Amino acid sequence: MQRTSLIFIALVALFLLSPLLLNPYWVDVLNNVGLYAILGLSLNLIVGHAGLFNLGHAAFYAVGAYTAAILNTRFQIPVLWLLPICALSSGLFAGIIARPIIHLRGDYLCIVTIGMGEIVRIALLNNVFGITGGVNGIFGIARPSLFGISIQTPHEFFYLIWGFVSLTIFLFHRLENSRFGRALNYLREDEVAAEGSGVNVAHYKLACFVLGAAWAGMAGDIFAAKMTIISPESFSFWESVLMFTLIILGGSGSIPGVMLGAFLIIGLPEVFREFANARLLVFGAAMVAMMIFRTEGILPPRPRTYPSIEPPSGEGRR
Amino acid sequence: MNKMSRVTLAFLVMGLVAWGCAKKETGPIKIGLMGPMTGPWASEGQEMKQVLDLLAEEANGKGGVLGRKVEVVSEDDGGDPKTSALAAQKLVTQKVMAVIGTYGSSITEASQNIYNEAKIVQIANGSTAIRLTEKGLKYFFRTCPRDDEQAKVASQYIQSMGYKKVAILHDNTTYAKGLADETKGLLEKGGAEIVFFDALTPGEKDYTAILTKMKAANPDAVFFTGYYPEGGLLLKQKKEMNWTVPFIGGDATNNPDLVKIAGPEAADGFAFVSPPLPKDLPSPEAKAFLDAFTKKYGKPPASIYSVLAGDGFRVLVAAIQATQSTEADKLAEYLHTKLKDFPGLTGKISFNDKGDRVGEVYKVYKVNAQGEFILQP
Amino acid sequence: METFLQQLTNGLAVGSIYALIALGYTMVYGVLKLINFAHGDLFTIGSYLGLTLLTSLTLTGRLGVLAGILCLVVMVMGLVGLIGALLERVAYRPLRQSPRLSAVVSALGASIFLQNAVMLIYGARFQVYPHNVLPKMPLGLFGLYIPLVKVLVLVAALVMMMALYLFIQKTKLGTAIRAAAIDQGAARLMGIDVDRVILIVFLIGPALGGAAGLMVGLLYGQINFTMGWVFGLKAFTAAILGGIGNIPGAMVGGILLGVIEAMGAAYLSIAWKDAIAFCVLIVILIVRPTGLLGERVAEKV
């Protein structure tokens, strides 16, 4: 146990130092992995924990990114201060639209989330309310600045993004082990029994949706600040499909699984660049193969373990 | 190790480093190419590479540039802004001294800041959105004209044909919408009435609903600013509906497949605005280039944008030779101020201080009954 | 009024294509509870195969238009059906006992694979059907422009739906399919060879999709390897709209979706028409959560 955690710590340390060793291209790839990791973790809450079939997650991402872009370019509010506001706007958006649809069964929910994603994208494309800039999107978004240092290069973004990733992992891990997490686990396993035990299923599903959306909104804020230009084509149905796939590939419901999924989904197409035009063909085949050989995903969640109750006399301790 | 060997080793290492540095001075000149090698515009990117490879080969055959060989380093931007940013980062890491590319305004836009901050000259060949040169980027140039010029030529043509009620259809891409907006403004200033202005969704097959709606608005002519796949379908379906109103297109409809999709009868009479087709380029350099290209690859280039990429390359090489350096500041200054009327493949090239190409490039073409593109005077 | 009727017919024509593709989706879903994302790409394969067969065998030249087209339809349906069955064998059968989401990801992977396979085999450029295969007779009813071929497509879709419906309701094999759709385990206990049933479903569903692809190729002339994505999504929407698992529902959903799109484009805005169609879908689902005609599958109590 000691040895594995040492190795783990060593790997993490190596990872944290990697920007110093790699060139900006690979650091940028890692930045993308980080962003997708945050998105994956937020979607994991909805799909993995609450079992809701959400294929429109890119919409929440878009709402967060556009909120940040509009508020920053019009009112000059620094990007990092907008994080809670983006979370709020995405969460609110999710709350409003989720209420009527939360009761829909799996596949119907799927098409509704797809539809919602498309409606958001089309609305953004057509410059709804005149503030989204239409197909050109919004440009001139300021870079984030922390304590006076402006974050510009891929190396600097690396620390910002992966810092946020670590925070996300920490918070979500705590969530999993909290009362909220246990309720989610229950309702995913058997909704009827959960309802019967007093777990308000609709309430928890809605909470997951909102929370997942809020987190995606924050990821959108960082994305907007990094790209400085955002346009509707970055928030297509395909993006939602990618996020969804990375969760299932890595292992739905488990945090290490999502992290691995993010590395695979972003990393594999880059690795497959050697195949040139057949790059995506190989990727598709790889996806099918991975599902066949490891259907729960590569790192599925381990069953929950609970410490055994200690006998009062103090004997028989582990 | 004793002291003597340590000193020797140090000298050896220093020598190697010095040799390595010195070697860099005489190593090949790396020119980057960023283009869509995969994705929806793969045919453009692949042709761009073919053009640059040919030109590099010719330059090296003549002894290279500044006595060094020229090497083209190409990266795929997938026709997508995110991949473009990654491709730009990759080229920067490979220490290219300039980049030619790319095709698609929003894709170029995603890479502009990266090149500018890395102080690398970028010469775009297929990005016509106006705002790309309105940002004050010192190292950005383009050999392709801007959408406002295209709008000007289009509206002049429309007005010269006497069309008073015009319908404008775009497809909600950056390029098409920009062109549509510009043309709308110019036409309205000229006294024409825009009876219809809307966007279709690219990728669909059935546009009869849109055509019916446009027909009900009763325009004298329709200006479609989208791409050739949809253009071909529109022409075909309009003919099936027996609607004979003339259609005019922007330069994204310029592709031989347009006639293939619509059929020569439906395409007959279709007019479009475009930079001259490779076959119509007048200059002797152009003819020599077309011959060489056909000899190497079996057929002439289909797209004018790959030829514009070739012009970017030639202009760059001229700048390097004139300033005897590969430093971005000197090259940028030369291109902005000293390069005048350079004999490009597509005509005379000069850049203004925003980096835009100066001069009139757009012409009007019409399709005849055999499906050929005929240059209008 | 004329515009309304014209747009209505436009919508019906588009809708009949959606309906055909949706039939395939709904059949597969009914039995396997799987959203076959690769269905749109089977549709694309149908149109490409149709092109290849048409140009290489010059059927219409040899057999005349009607017989030639029928022959083509049968061949394309057969071939795409086989590909569909192969797909099931490779990508879905190993995942029968697995969680549903895994099968969905496998379907997505299969879709990417098939789409790129088509691109690599046929090239990235748009392909075009020969122009004068179908007679270009418009019917001039009430001053409307209705091409004869589109009416034929609508009729063909209806005929196929009726045939399918009768097959499912009246024949022994159809009953077996329905049984497997309700409860695979119980069906097995009744002596039904579930594997065979699933194979049949994956022959028929993709065959319908392939036929739709062929018709799109003949009608519109222009095909490319990415069109399966858009059509597949619309057809899936149509199937859900009508009630997934329900065959008449797929038909109704498809036609309705086509009409909503045409009406949305005509009276509201062309650029927003897809958003309008989705909005209508969401509203309908809120009011009737199992689609317009509801599901034909028993609910687990």
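The structure presented is a predicted model; accordingly, all values stated were derived computationally and were not measured.

Chemist: A description of the overall build of chain B should follow, citing residues and the corresponding values.
Modeler: On a plain count of helices and strands, chain B comes out with 13 helices and 14 strands. Projected onto the principal axes, the alpha-carbon positions of chain B cover approximately 95 × 40 × 35 Å. Burial analysis of chain B (377 residues in total) assigns 54% to the buried set.

Chemist: A description of the overall build of chain A should follow, citing residues and the corresponding values.
Modeler: Of regular secondary structure, chain A possesses twelve helices and four strands. The C-alpha radius of gyration computed for chain A amounts to 21 Å, which stays within 12% of the reference 20 Å derived for 318 residues, consistent with globular compactness. Expressed as a percentage of the 318 residues in chain A, the buried residues total 51%. Taking contacts inside chain A between residues at least 6 apart in sequence as the whole, the part at least 24 apart equals 77%.

Chemist: Report on the sheet that holds strand β3 (residues 98-100) of chain B, specifying residues and quantitative values.
Modeler: Residues and elements named next belong to chain B. Strand order in this open sheet of five strands is β2-β1-β3-β4-β5, and the pairing throughout is parallel. Looking at the sheet topology across the chains shown, the edges are occupied by β2 (70-76) and β5 (140-142). Taking each pair of neighbouring strands and ignoring which way they run, the sheet shows an average axis angle of 25 degrees. Both strand β4 (residues 121-124) and β5 contribute to a ladder of three bridges, which runs parallel. Bridge pairing in β5 places I123 opposite F141. Contacts from helix α4 (residues 105-117) reach β1 (29-35), β3, β4 and β5, with the element oriented near 160 degrees to β4.

Chemist: How would you sum up the interface of chain A and chain C? Please name residues and give values.
Modeler: The partner chain C presents 33 residues to the 31 residues of chain A that form the contact. Put simply, the parts of the chain that give the side of chain A that touches chain C at least two residues each are α4 (83-101), α5 (106-125), α10 (237-250) and α12 (279-293) of chain A. By residue class, the composition of the side of chain A that touches chain C is 21 nonpolar, eight polar and two charged.

Chemist: Give me the lowdown on the interface of chain B and chain C, citing residues and values where you can.
Modeler: The partner chain C presents 27 residues to the 28 residues of chain B that form the contact. Taken together, the elements giving at least two residues each to the side of chain B that touches chain C come down to α2 (42-61), β7 (193-199), α7 (208-216), α8 (228-240) and α9 (257-262) of chain B. Of the residues forming the side of chain B that touches chain C, the biggest block, six residues, is contributed by α7(B). Of the residues assigned to the side of chain B that touches chain C, the class counts are ten nonpolar, nine polar and nine charged.

Chemist: An account of helix α9 (residues 201-227) of chain A is needed here, citing residue identities and associated values.
Modeler: Residue and element names in this part refer to chain A. Spanning 27 residues, α9 covers 39 Å between terminal C-alpha atoms, matching the ideal 39 Å at 1.5 Å per step. When you tally the buried positions in α9, you get 21 out of 27 residues, the bulk of the element. One or two residues past the end of α9 sits T228, with phi positive at roughly 60 degrees.

Chemist: Could you give me a rundown of the environment of B:P202, with the residues and numbers involved?
Modeler: Residue and element names in this part refer to chain B. Within the fold, P202 resides in the loop between β7 and α7. Distance from P202 to T294, taken between C-alpha atoms, is 33 Å for residues 92 residues apart in sequence. The contact partners of P202, leaving out residues within four places of it in the chain, are D171, G226, Y227 and E230.

Chemist: Any details on the packing of helix α2 (residues 39-57) of chain C against helix α5 (residues 100-122) of chain C? Residues and values, ideally.
Modeler: Residue and element names in this part refer to chain C. Direction vectors running N to C along α2 and α5 enclose 20 degrees, while the axes themselves pass 9 Å from each other. Considered as vectors, α2 and α5 are oriented roughly parallel to each other. In this structure, the crossing between α2 and α5 has a hand that is left-handed. Of the residues in α5, those touching α2 at G40, D41, T44, I45 and Y48 are S111, L114, Q115, V118 and Y122.

Chemist: If you had to explain the pairing of β4(B) to someone new, which residues and values would you point to?
Modeler: The side-chain alternation of β4(B) yields two buried faces, one formed by B:V121 and B:I123 and the other by B:Q122 and B:A124. A crossover links β3(B) with its parallel partner β4(B), the connecting element being α4(B), and its sense is right-handed.

Chemist: Hey, could you go over the environment of B:K239 for me, with residue numbers and the actual values?
Modeler: Residue and element names in this part refer to chain B. Mapped onto the elements of the fold, K239 is located in helix α8. Classification of K239 by C-beta neighbours within 10 Å gives partly exposed; the count is 17. A sequence separation of 58 residues divides K239 from D181, and the C-alpha atoms of the two residues are 27 Å apart.

Chemist: Lay out the sheet that holds strand β10 (residues 271-274) of chain B with the relevant residues and their values.
Modeler: Residues and elements named next belong to chain B. Spatially, β7-β6-β8-β9-β10-β13-β14 is the arrangement adopted by the seven strands of the open sheet, whose pairing is mixed. Each edge of the open sheet is held by one strand with a lone partner, namely β7 and β14 (373-375). Shown here is a sheet whose adjacent strand axes are inclined to one another by a mean of 25 degrees, direction ignored. Of the pairings in the sheet, the one linking β10 to strand β13 (residues 363-367) comprises four bridges and is antiparallel in character. Residue pairing across strands places S274 opposite K363, the latter belonging to β13.

Chemist: Describe the domain arrangement of chain B, and please don't skip the residues or the numbers.
Modeler: Many authors give the size of an interface as the accessible area that is lost as the parts come together. Residues and elements named next belong to chain B. Along its sequence, chain B is organised into domain 1 (24-145 + 282-349) and domain 2 (148-274). Computed from C-alpha atoms alone, the centre-to-centre distance between domain 1 and domain 2 is 31 Å. Here the side of domain 1 that touches domain 2 is composed, by residue class, of five nonpolar, three polar and no charged.

Chemist: Which residues make up the domain arrangement of chain A, and what are the values?
Modeler: Residues and elements named next belong to chain A. In terms of domain boundaries, chain A breaks down into domain 1 (45-235) and domain 2 (237-300). Taking the mean C-alpha position of each, domain 1 and domain 2 sit 21 Å from one another. Taken residue by residue, the interface counts 14 residues in domain 1 and ten residues in domain 2. Within the residue set of the side of domain 1 that touches domain 2, elements represented by two or more residues are α2 (24-49), α5 and α6 (154-176).

Chemist: Can you tell me about α2(C), naming the residues and giving the values?
Modeler: A turn of α-helix holds 3.6 residues, and therefore any two residues three or four places apart point the same way. Residues and elements named next belong to chain C. Taking 1.5 Å of rise per residue, 19 residues should cover 27 Å, and α2 covers 26 Å from first to last C-alpha, within 8% of that figure. Most of α2 is tucked away: 14 of the 19 residues are buried. Just beyond α2, the residue with positive phi is T58, at close to 40 degrees.

Chemist: Please give an account of the pairing of β2(B) that cites residues and values.
Modeler: All names here are of chain B. Most of β2 sits out of view: five of its seven residues are buried. Here seven bridges tie β1 to β2, and the two strands are oriented parallel to one another. Bridging across to β2, K30 finds its partner in E71. Between β1 and its parallel partner β2, the chain crosses via α2, and the hand of that crossover is right-handed.

Chemist: Explain the confidence of the model for chain A to me, using residue names and the numbers behind them.
Modeler: Should pLDDT be low for a region, the predicted coordinates there are not to be read in detail. Summing up the model confidence of chain A, the mean pLDDT is 83 and the portion of residues at 70 or higher is 94%. At the low end of the mean pLDDT range in chain A sits strand β3 (residues 149-150) of chain A, at 75; at the high end sits helix α3 (residues 58-75) of chain A, at 91.

Chemist: Could you give me a rundown of the packing of helix α4 (residues 65-92) of chain C against α5(C), with the residues and numbers involved?
Modeler: Residues and elements named next belong to chain C. Relative to each other, α4 and α5 sit at 125 degrees, their axes nearing to 10 Å. With respect to α5, the axis of α4 lies oblique. With respect to the hand of their crossing, α4 and α5 are arranged in right-handed fashion. Residues L87, A91 and Y92 of α4 touch α5, and the partners they reach there are A103, S106 and A110. Partitioned by chemical class, the residues of the contact of α4 with α5 number five nonpolar, one polar and no charged.

Chemist: Give me the lowdown on the environment of A:L167, citing residues and values where you can.
Modeler: Residues and elements named next belong to chain A. Residue placement: L167 occurs in helix α6. By C-beta crowding, L167 is classed as exposed, having 11 other C-beta atoms within 10 Å. Sequence separation between L167 and L22 is 145 residues; the distance between their C-alpha atoms is 24 Å.

Chemist: Any chance you could break down the confidence of the model for chain B for me, citing the residues and the numbers?
Modeler: All names here are of chain B. Averaged over every residue, the pLDDT of chain B is 84; the share at 70 or more is 93%. Here residues 3-24 is modelled with pLDDT under 50, and outside its nearest four sequence neighbours on either side it reaches one contact, counting other chains as well. Predicted complex metrics record ipTM = 0.81 and pTM = 0.81.

The rules behind each value
Residues numbered from 1 in each chain as written. Chains lettered and ligands numbered in written order. Predicted model: local features only at pLDDT ≥ 70, side-chain atom pairs only at ≥ 80, totals over all residues. Helix = DSSP H or I, 4+ residues; strand = E, 2+ residues; numbered from the N terminus. Buried ≥ 20, exposed ≤ 12 C-beta atoms within 10 Å, placed from the backbone. Rg over C-alpha atoms; globule rule 2.2 N^0.38 Å. Contact = placed C-beta atoms within 7 Å. Pairing = 2+ DSSP bridges. Axes fitted to C-alpha atoms, helices over the stretch in contact; angles between N-to-C directions. Nonpolar A, V, L, I, M, F, W, Y, C, P; charged D, E, K, R; others polar. Expected span 1.5 Å × (residues − 1). Parallel < 35°, antiparallel > 145°, perpendicular 65-115°, else oblique. Left-handed = near helix turned anticlockwise from the far one by under 90°. Right-handed = clockwise from strand over helix to strand, strands pointing away. Domains from an automatic or database assignment. pLDDT = per-residue confidence, 0-100.

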